[in-house]
Amino acid sequence: MFRTALRNVFAHKARLLMTVLAVMLGVAFVSGTLVFTNTISSALEKSSAKGYDNVDVALTPGRTEAKGDKVGEDAKLTDAALKKAGSVPGAASATGVVSGYAAVADQDGKLVGNGFSTKGGNYAGSAGKADARYPLSEGAAPHGAHQVALDAETAKRAGYKIGDQVRMSVDGPVLTPTLTGVFTTDDGEVAAGGSLALFDTATAQQLFHKPGQYDEIQVKAAAGTSQDRLKSELDKALGTTAVDSETGRKLAADQAEQISSSMSSMKTMLLIFAGIALFVGIFIIANTFTMLVAQRTKELALLRAVGASRRQVTRSVLLEAFFVGAVAAVTGLAVGIGIGAGMRSLMNSTGAIIPDGPLVVSVGTVVSALVVGVLITMLAAWLPGRRAAKIPPVAAMNAVHAAPTAKSLVLRNTLGALVSAAGVVAVLAATTMKGSDGQMPMGLGAALLVIGVFILTPLLSRPLIAAAAPVLRAFGISGKLARLNSVRNPRRTAATASALMIGLTLITGLTVIAGSVQGAINKMAADSIKADYVVSMANGNALSPDVLKTLDGTSGVTAATGLSNSPSRIDGDTEYLTGVNGKTIDQLARLTLKNGAFTVGGSNVVVDDKTAKDHGWKTGSTFTTAYEDGEKQRLTVAGVYEGNEMMRGVLLDSATLNPHVDGAVTDMQVMVKMSGGATDANQDRLTKALGENPAIQVQDKQDISNQIAQMFTLMLNMLYGLLAMAVIVAVLGVINTLAMSVFERQQEIGMLRAIGIDRKGIKRMVRLESLVISLFGGVLGIGLGVFFGWAAGQLIGNSMSTYELILPWGRMGLFLALAAVVGILAALWPARRAARLNMLAAIKSE
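Residues numbered from 1 in each chain as written. Predicted model: local features only at pLDDT ≥ 70, side-chain atom pairs only at ≥ 80, totals over all residues. Heavy atoms only, no water.

Relative to each other, helix α14 (residues 439-466) and helix α17 (residues 490-528) sit at 120 degrees, their axes nearing to 9 Å. Relative to α17, the element α14 lies oblique. At the point where α14 passes α17, the crossing takes the right-handed sense. On α17, the residues that touch V450, V453, F454, T457, P458, S461, R462 and I465 of α14 are P490, R491, T493, A494, A495, S498, M501 and I502. Its residues assigned to classes, the contact of α14 with α17 shows 10 nonpolar, four polar and two charged. (Axes fitted to C-alpha atoms, helices over the stretch in contact; angles between N-to-C directions. Helix = DSSP H or I, 4+ residues; strand = E, 2+ residues; numbered from the N terminus. Parallel < 35°, antiparallel > 145°, perpendicular 65-115°, else oblique. Left-handed = near helix turned anticlockwise from the far one by under 90°. Contact = heavy atoms within 4.5 Å. Nonpolar A, V, L, I, M, F, W, Y, C, P; charged D, E, K, R; others polar.)

According to the stated counting rule, one finds 10 salt bridges in the structure shown. Across the pair E233 and R229 runs a salt bridge whose closest N-O atoms are separated by 3.4 Å. Of this pair, E233 and R229 both sit in helix α7 (residues 227-238), four residues apart, which is roughly one turn of the helix. Classification of R229 by relative accessible area gives exposed; the value is 51%. Residue K250 is joined to D254 by a salt bridge in which the shortest nitrogen-to-oxygen separation is 3.0 Å. Of the two residues, K250 and D254 both sit in helix α8 (residues 248-295), four residues apart, roughly one turn of that helix. Residue class for K250 comes out partly exposed when judged on its relative accessible area of 37%. (Salt bridge = Lys/Arg side-chain N within 4 Å of Asp/Glu carboxyl O. Buried < 20%, exposed > 50% of the residue type's maximum accessible area, 1.4 Å probe, protein only.)

Turning to the environment of G781, a few remarks are in order. You can see G781 is positioned in helix α25 (residues 759-797). With near-sequence residues (within four places) excluded, G781 lies in contact with M501, L504, T505 and T508.

The next subject is the packing of aromatic side chains. A full pass over the atoms with the stated rule returns five aromatic pairs. What links up through ring pairs into an aromatic cluster is the set F787, F788 and W790. (Phe/Tyr/Trp six-rings, centres within 6.5 Å; stacked < 30°, edge-to-face > 60°.)

Right, let's get into the sheet that holds strand β6 (residues 99-101). Read from one edge of the open sheet, six strands run β6-β9-β15-β11-β14-β10, paired in mixed fashion. Either end of the sheet is taken by a strand with one partner, and the two such strands are β6 and β10 (136-139). Across this sheet, the average inter-strand angle for adjacent strands is 30 degrees, counted without regard to direction. Bridge count for strand β9 (residues 118-123) against strand β15 (residues 195-200) is six bridges, and the pairing is parallel. Opposite K119, over in β15, you have L196 as the bridge partner. (Pairing = 2+ DSSP bridges.)

Attention now moves to the nonpolar core. Residues F273, V280, L500, M501, I502, V729 and F788 are the most contacted members of the largest nonpolar core, which totals 71 residues. Take this core: its biggest share by element is 15 residues, from helix α23 (residues 701-744). Within the second largest apolar cluster, 34 residues are counted, among which are V98, Y160, V166 and A197. (Core = buried A, V, L, I, M, F, W, Y, C linked by side-chain atoms within 4.5 Å.)

Attention now moves to the side chain of T39. Inspection of the secondary structure puts T39 in helix α2 (residues 13-50). A relative accessible area of 2% places T39 in the buried class. Residues within four places of T39 in sequence aside, it is in contact with R344, P358, L359 and V360.

On to the sheet that holds strand β17 (residues 216-221). As summarised here, the arrangement of the four strands in space is β5-β17-β1-β18, forming an open sheet in which the pairing is antiparallel. Where the open sheet ends on each side, the last strands, each with one partner, are β5 (91-97) and β18 (243-247). Geometrically, the sheet is characterised by an average inter-axis angle of 20 degrees between neighbouring strands, direction not taken into account. Packing of helix α3 (residues 79-86) onto the sheet brings it into contact with β1 (57-61), β5 and β17, and relative to β5 it is tilted by some 160 degrees. Running over the sheet, α7 touches β1, β5, β17 and β18 and is turned about 175 degrees from β18.

Once that is clear, we can look at unusual backbone geometry. Phi is positive for D571, which is not a glycine, with a value near 55 degrees. For D571, the position within the fold is in the loop between β20 (557-570) and β21 (573-580). The exposure class of D571 is exposed, given its relative accessible area of 54%. Positive phi outside glycine occurs at E692, with the angle close to 50 degrees. Inspection of the secondary structure puts E692 in the loop between α22 (680-689) and β28 (696-699).

Once that is clear, we can look at a nonpolar patch on the surface. Residues V363, V367, V371 and L375 make up a contiguous nonpolar surface patch of roughly 360 Å² in combined accessible area. Within the secondary structure layout, V363 lies in helix α11 (residues 363-390). Residue V363 is classed as exposed on the basis of its relative accessible area of 65%. (Patch = residues over 30% accessible without salt bridge, like charges linked within 9 Å, V, L, I, M, F, W, Y side chains within 5 Å. Areas by Shrake-Rupley, 256 points an atom, 1.4 Å probe, with all protein chains shown as cover.)

Take a look at the structure:
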């Protein structure tokens, strides 16, 4: 039986090619994902570990917990702590570290790096002593408020040389210090495409609002002193309440674990889509082996007649699947390694620079690829093998094709109806739940419904394909034959269409959700903001107080308010207070009052409905708040407004809040109203007033919507790309089914040629058959996708009040057209092959 299985594989290698390709693509996806994520993790871990080479113990500010009326706050690391850390037994040196956000613009004024990867810090070297963390490759260390040093990669990308004026910003005003030095660094974020600007320690403390303070103190151990011993000495000297200490070894391990955890999310997402592609591949494999078994019925019957047991017949089919899976797995592994290397190069080319490191192909990756390829193929081939073994030898010798019994069809339809009903019930029940409670039931219900529809697909194929009859009549006898061929074997049609259905279900569902969320965001921005512009930092950090002062003095500005946040203690809980300009806030924010008056000033505040409900407040209620400086004040609820995603919480006048803020008063955003409204000229005026700062963004309502939409679009395009693998596998399935169907119907095609249908008619018949099957899968997929999109939207609507279902008719039409194109392209080779058959040889074939 082993030799028989091997002979069959070589005898049908052309027919098994598409199966090999389908499995290979899925395995390549899996192995490529593992190689890519393992390579990035290894490179980032090694790069981040280098950053701790000169750190034996790191000290960070401790934090006192909020208690009673006392707001929790961070302790301060001062020069006194730095001197004490450097003088403990076993310490060779101590370095004070200051860090913050520093946006560097290139020569064209564009930001270098993105978001939180654009960092600033201090060069801690003193006269005659360099900072070991940042070896200078050019120039000298920065001194004074008007000098800066840049990492070598940033200086190169931005086009700066020693002596140039560097255009940059920390929290608002544009700075133009002179570049005095260029340094190299092992900082992982810089290696990954970020930027790092260094100032002398006093300047860095001043710029980052920490005069005389440090974010961290790094201590180097003397020779012969272990990290644990040094940590113990530092804890004794500085105490464990005001200062948190950790060894460099532990910090490096924690960083590696954090990198591994973050990469785990990406790996999981990619593996899910690889699993979808493999799941779709199962339909192709099962279809292929079912057709092969049907075509070899007499051969299998002869084996049974000469003594082969049912188990041996099943085993021979599984052996064939094993050989096919092994070839596909080995090929897929090789392709996957190439994909992993290519993905790293692709990320580097898009600006997301990955630290240098070797390509990591672990033993686990190799084993996973081989096991997945072989198991998936054998699993999909098990049912066809079992069916082959059940056919009685005499019945098989008399009939090439054994039609499914009425009992099996009734059983299949009943099971499909029950599973589908259970799925619908679970999905509908999930829509009535709130938040994350409904996610698990909805996922389970969606899986059941997809499985149920797949089981029912043979039943659904007849009425849905019959609906296309009027259109197919226009193509004459070729159209009629295409329709009849499509429903001749409903199970085969179902398996072929279901592969395409799964891909389009996911694509349509994601598109419906993304379009509806985007509509909700647009409505949210329009409904909650009256201001013409919102000014904020590009990375979401706080703005300098100078920004609001500058905008207040800009011509054309009729109203402006900053939005600042400060923690407080109310009724034993921590609540964040939002400081606004009480005189102008009602001109800039569109908040719906539920009761009371929109009066913000003195001790009068307005609160959102959720906060009011949580504390049992209503209009006229009074409560005591303890500010972060420890002072208390009695405040009165003047009104209750309907909170939204843009604004919520306790709003009070900045004049009341600011005196109690610990440190400099900063705004997270500034809202601006201008005469003439939102125009290009007004936006340009604000941008110029702020010095054309690369770190500050001036956005109107549409810009805010577009920025959020950009994230959704990027995510959606990425998901489309990942799901394209499943669609490609589905295309291979259509090609495979049609090719094997043409082989199976050689005699029939020869007879059609003999009675007068020309080669064009044969080609048209096969193409129309493919088109009908693909559109059938497309209709099912789009229908399920819309249903799942609606159901998921019900969950989203619980947390997004402006959410409404928006059906993207244009996109859905495009997806249906895509299904048609898939059908036409998939039929090219099988149709050509069918048309080229020699009619006499075909008629004589068995």
